[in-house]
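Breakdown of the fold
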Amino acid sequence: MSMIQLFITILMMVIATQLTRWLPFLIFPEQKAQPKLLNFLSERLPFASLGLLVMYALKDIQLTKAPYGASELIALSFITLIHTKFHNTLLSIGLGSLLYLFLFNFVF
Amino acid sequence: MHFVTLKKAFPYTLPVLTGYLFLGFSYGVLMNKTGFSLFWTSLISLTVFAGAMQFAAIALLVSTFNPLSTFLVSLLINIRHLFYGMSILDKYAKSGKKRSFLIFGLTDETFSINAAIILEDGVNKKLFYFYVTLLNYLYWNIASILGHQLSFLIPDTIKGFEFVLTALFFVLFLNQWEIKAHRLYLVIGFVCTLIAFLLVGRAQFLLLAMVLILIAMGIETRWRSSR
């Protein structure tokens, strides 16, 4: 690609990405709030989105090949355990990630 | 007010700092190894600012020039952002001049922090959201510059640092799980995405997942109101 073509390609990516971020705000402008629909969405969608994100983050696990996602499974179980015990977000993320790195690189 | 709010926001962004350092770094390394200069590497991080998209961008930039297909692929990869915007509309409302930047920088990670947090009274909420967004933006851009410049250092041996982001999403999920009223929606989100993934595979399951989530929520509401 030439320089101009590179610029245009990047511009397309910017427009598409920004469109997905702006669209809800353009459809529901602040002054014309639609309380009923907004309530419906804000009571449900943030949590459904978190469920979506967790699954999205797990999409690259290889379940059909050894070690069958064992590192992820063990690390997430461990996070659940220490998080229910200590309720410390950073501690859970830090220790869980360390365990994962250890398992992923040195065990499986 | 600014410094107090920045100090409050910073710890929440630490998992993102770690995750972005490795992801942004990997992006920079890949751009360098593909033959792009620091200018292009940074330009994309500054303007596109979307993790998964930027990895896909490398493939798009080395293929033949096709703006329309680039546009459509980018839309599809980022389609999940629609949900984030809809979820966070009321939190980002009335944020004045900061609004544009908040929307511009609504990544997975920024969304997951700002949507999940319940700030006590007395905190300048819009400023908090702004700093979370700004810090994450800085992490990403600094990491991609570092990755590009230090690509010769990369340890090929140790992998899997991006799990920090999986852990972040999962812990935020667990935090919401403790609120009983939220559980059903967490399950709906996860299960619908899983079903979509099983049906259409890794490449383009998000659009179907979002449709399934909306249908499930509609059914749930109808069922609830008919009782």
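Residues numbered from 1 in each chain as written. Chains lettered and ligands numbered in written order. Predicted model: local features only at pLDDT ≥ 70, side-chain atom pairs only at ≥ 80, totals over all residues.

1. Topic: the overall build of chain B
To keep it simple, the criterion reads: Only DSSP runs of H or I reaching four residues or more are called helices, and only runs of E reaching two or more are called strands; each is numbered from the N terminus. With the radius of gyration taken over C-alpha atoms, the globule rule is written as 2.2 Å times the number of residues to the power 0.38. For the purpose of contact definition, each residue receives a C-beta atom placed from its backbone, and two residues are in contact when these atoms lie within 7 Å.
Check the secondary structure of chain B and you find 11 helices and zero strands. Its helices and strands in sequence order give chain B the pattern α-α-α-α-α-α-α-α-α-α-α, from N to C terminus. In terms of overall dimensions, chain B is globule-like: its C-alpha atoms have a radius of gyration of 19 Å, near the 17 Å expected for 227 residues. Projected onto its principal axes, the C-alpha positions of chain B cover 60 × 50 × 35 Å. Residue pairs at least 24 apart in sequence account for 76% of intrachain contacts in chain B once pairs closer than 6 positions are excluded.

2. Re the packing of helix 10 (residues 180-200) of chain B against helix 11 (residues 206-226) of chain B
Residues and elements named next belong to chain B. The following threshold applies: Lines fitted to C-alpha atoms define the axes, with helix axes restricted to the stretch in contact, and inter-axis angles between N-to-C directions lie between 0 and 180 degrees. Throughout this description, any angle smaller than 35 degrees is read as roughly parallel, any larger than 145 degrees as roughly antiparallel, any in the 65 to 115 degree range as roughly perpendicular, and the remainder as oblique. Note on convention: near helix rotated counterclockwise from far helix by under a right angle means a left-handed crossing. Clockwise means right-handed. Gly counts as polar in this scheme, as do all residues outside two lists: the nonpolar Ala, Val, Leu, Ile, Met, Phe, Trp, Tyr, Cys and Pro, and the charged Asp, Glu, Lys and Arg.
It is at 8 Å that the axes of helix 10 and helix 11 come closest, and there the two elements cross at 140°. Here helix 11 runs oblique to helix 10, going by the angle between their axes. In the crossing of helix 10 with helix 11, the sense of the turn from one axis to the other is right-handed. Mapping the contact onto sequence places Leu 184, Ile 188, Gly 189, Cys 192, Thr 193, Ile 195, Ala 196, Leu 199 and Val 200 in helix 10 and Leu 208, Ala 209, Leu 212, Ile 213, Ala 216, Met 217 and Glu 220 in helix 11. Here the residues of the contact of helix 10 with helix 11 sort into 13 nonpolar, two polar and one charged.

3. Brief notes about the packing of helix 3 (residues 51-62) of chain B against helix 4 (residues 67-78) of chain B
All names here are of chain B. The interhelical angle for the contact between helix 3 and helix 4, taken along N-to-C directions, is 155°, at an axis separation of 10 Å. Comparing the axis directions of helix 3 and helix 4 gives the class roughly antiparallel. The crossing of helix 3 and helix 4 is right-handed. Of the residues in helix 4, those touching helix 3 at Ala 52, Met 53, Ala 56 and Leu 60 are Thr 70, Val 73, Ser 74, Ile 77 and Asn 78.

4. What about the domain arrangement of chain B?
Residue and element names in this part refer to chain B. Put simply, the rule is: Boundary definitions for the domains trace back to an automatic or database domain assignment.
With domains assigned, chain B is organised as domain 1 (2-159) and domain 2 (179-227). Contacts between the two partners involve four residues from domain 1 and, on the opposite side, four residues from domain 2. Residue classes in the side of domain 1 that touches domain 2 are distributed as three nonpolar, no polar and one charged.

5. Here we look at helix 9 (residues 163-177) of chain B
Rules: Take the residue count of a helix, subtract one, and multiply by 1.5 Å to get its expected span. Remark: C-beta atoms are placed from the backbone, and a residue is labelled buried if 20 or more other C-beta atoms sit within 10 Å of its own, exposed if 12 or fewer do, or partly exposed between those counts.
With 15 residues, helix 9 of chain B extends 21 Å from end C-alpha to end C-alpha; this agrees with the ideal 21 Å at 1.5 Å per step. What helix 9 of chain B keeps buried is the set Phe 163, Val 164, Leu 165, Thr 166, Ala 167, Leu 168, Phe 169, Phe 170, Val 171, Leu 172, Phe 173 and Leu 174 of chain B. On its buried face, helix 9 of chain B sits against helix 2 (35-57), helix 3 (70-86) and helix 4 (89-107) of chain A together with helix 1 (2-34), helix 7 (108-116) and helix 10 of chain B.

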